Amino acid sequence: MRIGFDISDLATGRADGTTRYTYELAKRLPELAPEHEWLFFSPGPIHPSYQLPATGPQVITSPWPKYWTQSRLPFDLFKYQPDVLFMPIQQLPYLRPRKMKTVAVMHDLAFHEFGQQYTAKDWALQHIFAPYAAREANELICVSQATADDVAKYYGREQNVRVVHHGVNHEVFRGASDQEPVTSWQKLREAYPKLEQPFILYVGQLQPRKNLTGLIEAFEELTGKGNPPLSGLSSDKQEIPHPQPLSLERRGELNLVVAGSHGWLQKPILERIENSPARNSIQLLGRVPDELLPMLYQNAEVFVLPSFYEGFGMPILEAMASGCPVVTSNVSCMPEVARQSGGQAGSAAVLVDPYDTQSIANGIRQALHNKDELRAKGLRRAKEFSWDVTANQTLEVLTQAIENQVQ
């Protein structure tokens, strides 16, 4: 069978979750099913950051990258005639061979919940392409049950929908051995000389939905550098003193490290950081190379992802697999990803209300005082996920689409 695979994200230099998802599956699927003919379609050369299998897939690049998905990709589909097309993004080409089956992936529908946090162009494109893919794909993969629930809520689709979770690369993201902490910290300091311990860590894009403003306010409260809380004031409006700065076992005052690439509407976030009373304790690293990211998790006191909404929340797993305690939101898919392993009740992370700054701050305090317990729970939970499992389940969906075509 001929399986087409849109790997357009790998022609970019982005480091977001969808790109990582595409890359991990592109590495595994051809080796997992060499009996199939794999056609990788791309609008241009693959970015040097990504190494695809030397043998197996045929990479078809286009000399016509503009509006590629709706312009050049259809041309190549009619030319090469794959039996099924795998789209790891929330889009389908409108023009495509009638007999060709399609499998599309829905990552999140945040634009329905938080439309005001998108640019007008991105909001419009999402509302055009995602509903079409959700309704028209022969088989639909959702990366979490929360996303599948949103697909049913907004588009009414429940048939031929399969939840396939993201994975984590355990060879890359793992707890440090006894000899590694010093070495990994030295490598981090060589790359980022201003990095200081102890620090809490955020990894992800800089965009409003990630609630970085809430994290910064919670951090200011933890370090005693923000404005005193307004809640709890008595009727005579007596002044409430600033909280005492949080220090960890005489290791110094806590720092906040923000590691992530740019995102839409990031300017207000950067301005909030620059104007923060705790600015000297906040470090912006930008995009961190893949080889250094596990070291950041290993050396962080706590990883915090206080998002308002996620499709999956891949950094949660990366942090857990690296032995880093996790604080994350109690909404969207995050409790689903962070639940305890083996069906046990409770969570392997501290869950907080992302709309309540005090809840975020208290959650970080709780994690700092229960690091060993959270680290053990997180490591157990992370073992339940792998990209090999994701690839196998994805192949099952692709095979099902092909079998339905034959029938």
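These numbers come from a predicted model, not from an experiment.

Participant: Outline the overall build of the protein chain, listing residues and values.
Facilitator: Each helix and strand in the protein chain was counted, giving 14 helices and 13 strands. Rg of the C-alpha trace for the protein chain: 22 Å, near the compact-globule value of 22 Å for 407 residues, within the 12% margin. Overall, the protein chain is about 70 × 50 × 45 Å in size when its C-alpha atoms are taken along their principal axes. Sequence-distant contacts, at least 24 apart, represent 68% of the contacts inside the protein chain between residues at least 6 apart. Carbon and sulfur atoms make up 49% of the accessible area of the protein chain, which amounts to about 18,300 Å² in all. When the 39 positive and 45 negative side-chain charges of the protein chain are each reduced to one mean point, those points stand 3 Å apart.

Participant: Account for the packing of helix α7 (residues 212-223) against helix α8 (residues 267-274), with residues named and values stated.
Facilitator: At a minimum axis distance of 10 Å, the contact between α7 and α8 shows a crossing angle of 10 degrees. Here α8 runs roughly parallel to α7, going by the angle between their axes. The segment α7 lies against α8, with Leu212, Thr213, Ile216, Glu217 and Glu220 engaging Ile269, Arg272 and Ile273. Taken together, the residues of the contact of α7 with α8 break down into four nonpolar, one polar and three charged.

Participant: Residue-level account of α7, with values.
Facilitator: With twelve residues, α7 should cover 16 Å at 1.5 Å per step; its first-to-last C-alpha distance of 16 Å lies within 8% of that length. Judged by how many residues are buried, α7 sits mostly within the fold: ten of twelve residues are covered. Among all positions of α7, only Leu212, Gly214, Leu215, Ile216, Ala218, Phe219, Glu220, Glu221, Leu222 and Thr223 are buried. Against β8 (199-203), β9 (255-259), α8, β10 (282-286), β11 (302-305) and α12 (357-369) lie the buried residues of α7.

What counts as what
- Residue indices follow the written sequence of each chain, beginning from 1 at its first position.
- Where totals are concerned, whole chains, interfaces and linings use all residues; where local detail is concerned, this predicted model gives features only for residues with pLDDT of at least 70, and gives and counts side-chain atom pairs only at 80 or more.
- Calculation of side-chain values draws on the structure's entire complement of heavy atoms; hydrogens and water are dropped beforehand.
- Starting at the N terminus, helices and strands are each numbered in turn, a helix being any DSSP run of H or I of at least four residues and a strand any DSSP run of E of at least two.
- C-alpha atoms define the radius of gyration in this analysis, and the globule rule sets the expected value at 2.2 Å times the number of residues to the power 0.38.
- Any pair of residues with heavy atoms lying within 4.5 Å of one another is described as a contacting pair.
- Only the protein chains shown count as cover for residues, and the accessible areas themselves come from Shrake-Rupley with a 1.4 Å probe.
- When charges are counted, Lys and Arg are positive and Asp and Glu negative, with His and the chain ends excluded.
- The atoms used to mark charge sites are NZ of Lys, CZ of Arg, CG of Asp and CD of Glu.
- Angles here are taken between N-to-C directions and fall from 0 to 180 degrees, while the axes themselves are lines fitted to C-alpha atoms, restricted in helices to the stretch in contact.
- For classification purposes, angles smaller than 35 degrees are called roughly parallel, those larger than 145 roughly antiparallel, those between 65 and 115 roughly perpendicular, and all remaining angles oblique.
- Under this grouping Gly is polar, as are all residues other than the nonpolar Ala, Val, Leu, Ile, Met, Phe, Trp, Tyr, Cys and Pro and the charged Asp, Glu, Lys and Arg.
- Here a helix's expected span is defined as the number of its residues, less one, multiplied by 1.5 Å.
- Classification of residues uses two cut-offs on accessible area relative to the type maximum, computed with a 1.4 Å probe and protein chains only: under 20% is buried, over 50% is exposed, and between them is partly exposed.

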